[in-house]
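Read off the chains here:
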Amino acid sequence: SQQGEEDPQALSIQEGENATMNCSYKTSINNLQWYRQNSGRGLVHLILIRSNEREKHSGRLRVTLDTSKKSSSLLITASRAADTASYFCATSGSARQLTFGSGTQLTVLP
Amino acid sequence: DSGVTQTPKHLITATGQRVTLRCSPRSGDLSVYWYQQSLDQGLQFLIQYYNGEERAKGNILERFSAQQFPDLHSELNLSSLELGDSALYFCASSVGLEGPGYTFGSGTRLTVV
């Protein structure tokens, strides 16, 4: 079973716009990670935020974490066509493995 | 190239058959994780090995088994294959027992016909 849900399931925006994806999870976590997957390819690690952090930045990515609401958001600023991919959140908690959300399919139109 | 190598990239086999998927972790990583990605189930954790020993088990069917060898490469064996086993199978590795960073391979796409 999956840890949580991502919202929206699909998002289509114009190049240059910002994209925001949300992730909700169910159990307590040590950290939350975001991954990108291009169609049928492997997962690429984007960013990790620890449970005691509230916000983290990496280039055009901004991740927030609200442990009281068990939710996280990923913001991609100034999106590019190359950002088109599926984005997954994954949590790491008492269980050693990552538990993935259902993913958001982002399409950036040129 | 992520440093995690999975072979083969594609595999087509018939129902009832047995296949072996192979994973070589990134240099220095002791943990290997196997995940299955299918359209209906999403990304599901199957099993983890750390330095040759099984350390965590997820939604792995009894028809599936895995092992990690002394050189740290891992194999996932899938037997009595069914149509529903068609999926992408990913291997990931990490330095420690609990990550925190995980590096994924590019996956093996298994098609059961």
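Just so it is clear, the model here is predicted, and its values are computed rather than measured. (Residues numbered from 1 in each chain as written. Chains lettered and ligands numbered in written order. Predicted model: local features only at pLDDT ≥ 70, side-chain atom pairs only at ≥ 80, totals over all residues. Heavy atoms only, no water.)

A closer look at the overall build of chain B
1) Next: If you tally the helices and strands in chain B, you get zero helices and eleven strands.
2) Next: Walking chain B from its N terminus toward its C terminus, one meets helices and strands in the order β-β-β-β-β-β-β-β-β-β-β.
3) Next: When the backbone C-alpha atoms are referred to their principal axes, chain B occupies close to 35 × 30 × 25 Å.
4) Next: Counting the 113 residues in chain B, one finds 50% classified as buried.
5) Next: Of the roughly 5,200 Å² of accessible surface on chain B, 48% is carried by carbon and sulfur atoms.
6) Next: Mean positive and mean negative side-chain charge positions of chain B (8 and 11 charges, respectively) differ by 4 Å. (Helix = DSSP H or I, 4+ residues; strand = E, 2+ residues; numbered from the N terminus. Buried < 20%, exposed > 50% of the residue type's maximum accessible area, 1.4 Å probe, protein only. Areas by Shrake-Rupley, 256 points an atom, 1.4 Å probe, with all protein chains shown as cover. Lys, Arg positive; Asp, Glu negative; His and termini not counted. Charge placed at Lys NZ, Arg CZ, Asp CG, Glu CD.)

Things to note about the overall build of chain A
1) Next: The secondary structure content of chain A amounts to zero helices and eleven strands.
2) Next: Secondary structure elements of chain A, listed N to C terminal, follow the sequence β-β-β-β-β-β-β-β-β-β-β.
3) Next: Over its C-alpha trace chain A gives a radius of gyration of 13 Å, about what one expects of a compact globule, namely 13 Å for 110 residues.
4) Next: Looking at chain A as a whole, 45% of its 110 residues qualify as buried.
5) Next: Looking at chain A alone, contacts between residues at least 24 apart form 54% of all its contacts between residues at least 6 apart.
6) Next: Total accessible area computed for chain A in this model is approximately 5,200 Å², and 44% of it derives from carbon and sulfur atoms.
7) Next: Counting 12 positive and 9 negative side-chain charges, chain A places the centres of these two groups 8 Å from one another. (Rg over C-alpha atoms; globule rule 2.2 N^0.38 Å. Contact = heavy atoms within 4.5 Å.)

Considerations on the interface of chain A and chain B
1) Next: At the junction of the two partners, chain A supplies 19 residues and chain B supplies 22 residues.
2) Next: When chain A packs against chain B, the two sides together hide about 1,600 Å² of surface, and 53% of this comes from carbon and sulfur.
3) Next: Joining chain A to chain B, the criterion identifies zero salt bridges.
4) Next: At the level of elements, strand S4 (31-37), strand S5 (43-50) and strand S9 (85-92) of chain A are the ones that each hand at least two residues to the side of chain A that touches chain B.
5) Next: Of the residues that constitute the side of chain A that touches chain B, the class distribution is six nonpolar, ten polar and three charged. (Buried area = accessible area lost by both parts, 1.4 Å probe. Salt bridge = Lys/Arg side-chain N within 4 Å of Asp/Glu carboxyl O. Nonpolar A, V, L, I, M, F, W, Y, C, P; charged D, E, K, R; others polar.)

What about the pairing of strand S8 (residues 71-76) of chain A?
Residues and elements named next belong to chain A.
1) Next: Most of S8 sits out of view: five of its six residues are buried.
2) Next: By the bridge criterion, six bridges tie strand S3 (residues 19-24) to S8 in an arrangement that is antiparallel. Looking at S8, one finds that Met21 is bridged to Leu74.
3) Next: Bridge count between strand S7 (residues 61-66) and S8: six bridges; the pairing is antiparallel. The residue of S8 that forms the bridge with Leu61 is Ile76.
4) Next: Between the end of S7 and the start of S8, which pair antiparallel, lie four residues, with Lys70 showing a positive phi angle near 50 degrees. (Pairing = 2+ DSSP bridges.)

Quick notes on the state of the cysteines
Residues and elements named next belong to chain A.
1) Next: Tallied over the full model, the rule gives two disulfides over all chains.
2) Next: Bridging Cys23 to Cys89, the disulfide has an S-S length of 2.0 Å. With the S-S dihedral at roughly 65 degrees, the linkage between Cys23 and Cys89 falls on the right-handed side. With a gap of 66 residues between them, Cys23 in strand S3 and Cys89 in strand S9 connect regions that are remote in the sequence. (Disulfide = S-S within 2.5 Å.)

Structural notes on the packing of aromatic side chains
1) Next: Across all of its chains, the model carries ten aromatic pairs over all chains by this definition.
2) Next: Taken together, a centroid distance of 5.4 Å and an interplanar angle of 80 degrees make the contact between Tyr35(A) and Phe104(B) edge-to-face. Taken together, the positions of Tyr35(A) in strand S4 and Phe104(B) in strand S10 (residues 103-104) put the pair across two chains. Considered together, Tyr35(A) and Phe104(B) belong to a single accessibility category, that of buried residues.
3) Next: Considering the side-chain rings of Phe64(B) and Tyr89(B), the 6.4 Å spacing of their centres and the 70 degrees angle between planes classify their relative orientation as edge-to-face. Placement of Phe64(B) in strand S7 (residues 64-68) and of Tyr89(B) in strand S9 (residues 87-94) is noted, with a sequence separation of 25 residues between them. (Phe/Tyr/Trp six-rings, centres within 6.5 Å; stacked < 30°, edge-to-face > 60°.)

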